[in-house]
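# Survey of secondary and tertiary structure
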Amino acid sequence: MEDDETAEHVPTMHLPGGGQDQVFDTRQSSTYARGSGQILAWQDYRLLKRRLELLGELVLTLNEKIFQIIHKPPEKTECLDVLEKYLKHKYKDQSGIIYASTIKECEDLSEALNERGLRVKYYHAQLEPGIKKLIHERWLKNKYQAVVATIAFGMGIDKPDVRFVIHYSVPKSVEGLYQESGRAGRDGKNSDCILMFSLADFLRNVSMASSKNEEKNAKSILEYCLDQNRCRRAFIAEFFEDKWEQSECDKMCDHCRNPKEIFYYDITPAFKDMVQLIEAASEKEVKLTLNKLVTAWFQSGTKQLRISSLKKPKCTKQQADHIIGYLVFKGYLNIDKGYSMYTTLAYIQKGNVSAIDRVVMPYIFGLNYQKVSTETETVAEPLAKKSKS
Ligand SMILES: [Zn+2]
């Protein structure tokens, strides 16, 4: 903990459009002034300091950004279809950024989109400074509709009319999501911040984390990705310990635009199946990646990893991802990092589950497990509580 916590000041950070940051100590404004788009204030100096360290550039409010998550299709071609549609129709003649998670992904994606006739260019840390400058300039002049970038693309970007920021892969933290999305809509007009979620991408981030802290950051975003009815903007604001009422969103996130009723499902049978599969594989000295676990659960793939007495689950692969993600989030399943010759891997392991006899999961209508009346009925306490520092 930092000693600045005792500071009595209520600091305000003033952000003149694109200019220098100035920090004031003031008691004038308590919560941050929404609507102006210019003033952010935090009651806690520690948080302000953390954010200044974190961002190192303009911080913008959540105003005028429409946050949404879409399911990322499993096949690359389908992912490309999604992006092509966005760029050719919804964002026709509009400017944006597509964030990918690795240099290779960024180059591959950019080239695949070029092949589909889109004017985009990749950008990452390994490019020559002259090339980077050129790409940046061309994008500023709208010669490129979008830059397909790693997070290296960000510092000093002040293009006002960025209408979309798409995270093609799960961001490496909630801070990352917030910061990268902050590059959209600097002209104060509506812009979209879309996250394409897949559990596999989330697991890859965790496996690639090179410190405990990075790992914790990578995990912090899972709850945001799995949530199905809470206001996205409220979630982000609360993550940074700002106050935010769902009603203030004014339909500026997918959940507030299209509210869905949530039900509670008893997913204990799914959980028990997975534990059995993990234990059986472990006896054969095999560790299960997400893909292997799901494949075995659906009674396909390597016969050696299947259990013939288990029934094929009555859910879709997308729902299976959600269930596994939820179990990981709750700590009922753990992620174990491993290394192959070329890459890092994430294995799904059993959590500390001896005391768990029932797992209830919130989900929208349509999951083929037994509905129960309330989440708190007889659910065991989560073993891994969400940690916040
Ligand atoms: Zn909302």
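Numbering of residues begins from 1 in every chain and follows the order in which that chain's sequence is written. Where local features are concerned, this predicted model is filtered to residues with pLDDT of at least 70; where side-chain atom pairs are given and counted, the filter is 80 or more; whole-chain, interface and lining totals use all residues.

### Some details on the overall build of the chain
Where we set the bar: Put simply, DSSP H or I for four residues or longer makes a helix, DSSP E for two residues or longer makes a strand, and each gets a number counted from the N terminus. By the convention adopted here, residues make contact when the C-beta atoms placed from their backbones lie within 7 Å.
Each helix and strand in the chain was counted, giving 13 helices and 15 strands. A fraction of 68% describes how many contacts in the chain between residues 6 or more apart in sequence connect residues 24 or more apart.

### Things to note about the confidence of the model for the chain
Here is the rule we go by: Note: pLDDT gives the predictor's confidence per residue, expressed from 0 to 100.
Across the chain, the average pLDDT comes to 83, with 80% of residues at or above 70. When the elements of the chain are averaged for pLDDT, strand E2 (residues 22–25) gives the smallest value, 34, and helix H2 (residues 76–90) the largest, 98. In this model residues 56–60 is a low-confidence stretch, pLDDT under 50, and it forms 10 contacts with partners more than four residues away in sequence or in other chains.

### A look at the packing of helix H11 (residues 268–283) against helix H12 (residues 290–297)
Geometry of a packed helix pair, given as the angle between the helix axes and the separation of the axes. Which entries qualify depends on this criterion: Only the stretch in contact is used when a helix axis is fitted, and all axes are lines through C-alpha atoms; the angle between N-to-C directions ranges over 0 to 180 degrees. The cut-offs work like this: below 35 degrees is roughly parallel, past 145 is roughly antiparallel, 65 to 115 is roughly perpendicular, and the gaps in between are oblique. Here a crossing is taken to be left-handed if its near helix is turned anticlockwise relative to the far helix by less than a right angle, and right-handed if that turn runs clockwise. Under the scheme applied here, ten amino acids are nonpolar (Ala, Val, Leu, Ile, Met, Phe, Trp, Tyr, Cys and Pro), four are charged (Asp, Glu, Lys and Arg), and all others, including Gly, are polar.
Running from N to C, H11 and H12 cross one another at 115 degrees; their axes reach a closest spacing of 10 Å. Regarding the angle of H11 to H12, the classification is roughly perpendicular. In terms of crossing hand, the pair formed by H11 and H12 is right-handed. Residues Asp273, Met274 and Leu277 of H11 form the contact with H12, whose own contacting residues are Leu293, Ala296 and Trp297. Broken down by class, the residue content of the contact of H11 with H12 amounts to 5 nonpolar, no polar and 1 charged.

### A short note on the nonpolar core
Selection criterion: In this description, a nonpolar core means buried residues of the types Ala, Val, Leu, Ile, Met, Phe, Trp, Tyr and Cys, linked to one another by C-beta atoms lying within 7 Å. Here a residue counts as buried when 20 or more other C-beta atoms sit within 10 Å of its C-beta, as exposed when there are 12 or fewer, and as partly exposed otherwise, the C-beta atoms being derived from the backbone. Domain borders in the structure are assigned automatically or taken from a domain database.
Counting 88 residues, the largest nonpolar core has Ile97, Ile98, Val147, Val148, Ala149 and Leu293 as its most contacted members. Examining the composition of this core, we find that 6 residues originate from one element, H11, more than from any other. Both of domain 2 (65–257) and domain 3 (263–385) provide at least three residues apiece to this core. Non-local contacts of isoleucine 98, meaning those with residues more than four positions away in its chain, are made with Leu83, Ala146, Val148, Ile166 and Tyr168.

### Comments concerning the environment of leucine 305
Within the element layout of this structure, leucine 305 appears in the loop between H12 and helix H13 (317–330). Linking leucine 305 and lysine 284, residues 21 residues apart in sequence, is a C-alpha distance of 8.7 Å. Beyond its immediate stretch of four places on either side in the chain, leucine 305 contacts Ala281, Val286, Lys292 and Ala296.

### Digging into the sheet that holds strand E11 (residues 288–289)
Applicable threshold: Two strands form a pair only when DSSP identifies at least two bridges running between them.
Strand order in the open sheet made by the 3 strands is E11-E13-E12, with antiparallel pairing throughout. Because the sheet does not close on itself, it has two edges, and the strands there are E11 and strand E12 (333–339). Pairing geometry for E11 and strand E13 (residues 344–350), over 2 bridges, is antiparallel. In the sheet register, threonine 289 faces E13, and the bridge partner there is tyrosine 347.

### Quick look at unusual backbone geometry
The backbone phi angle of asparagine 142 is positive, close to 65 degrees, even though this residue is not glycine. Position of asparagine 142 relative to the elements: it lies in the loop between helix H4 (129–140) and strand E7 (146–149). Phi at lysine 251 takes a positive value of approximately 55 degrees, unusual for a residue other than glycine. You can see lysine 251 is positioned in the loop between helix H9 (232–239) and helix H10 (254–257). Judged by local crowding, lysine 251 falls into the exposed class, with 12 C-beta atoms found within 10 Å.

### A short note on helix H7 (residues 212–220)
The α-helix winds at 3.6 residues per turn, so residues separated by three or four positions along the chain end up facing the same way. Regarding H7, the residues found buried are Ala218, Lys219 and Ser220. In this structure, the buried side of H7 is in contact with helix H5 (174–181), helix H6 (199–208) and helix H8 (222–226).

### Here we look at H6
Counting buried residues along H6, 7 of its 10 residues qualify, which places the element largely inside the surrounding structure. Leu199, Phe202, Leu203, Arg204, Asn205, Val206 and Ser207 are the residues of H6 that are buried. Where the residues of H6 are buried, they touch H7, H8, H12, H13, E12 and E13.

### Comments concerning the pairing of E12
Here E12 runs beside E13; their pairing, made up of 7 bridges, is antiparallel. For tyrosine 339, the partnering residue across the bridge sits in E13 and is threonine 344. The hairpin formed by E12 and E13 contains 4 residues between the paired strands.

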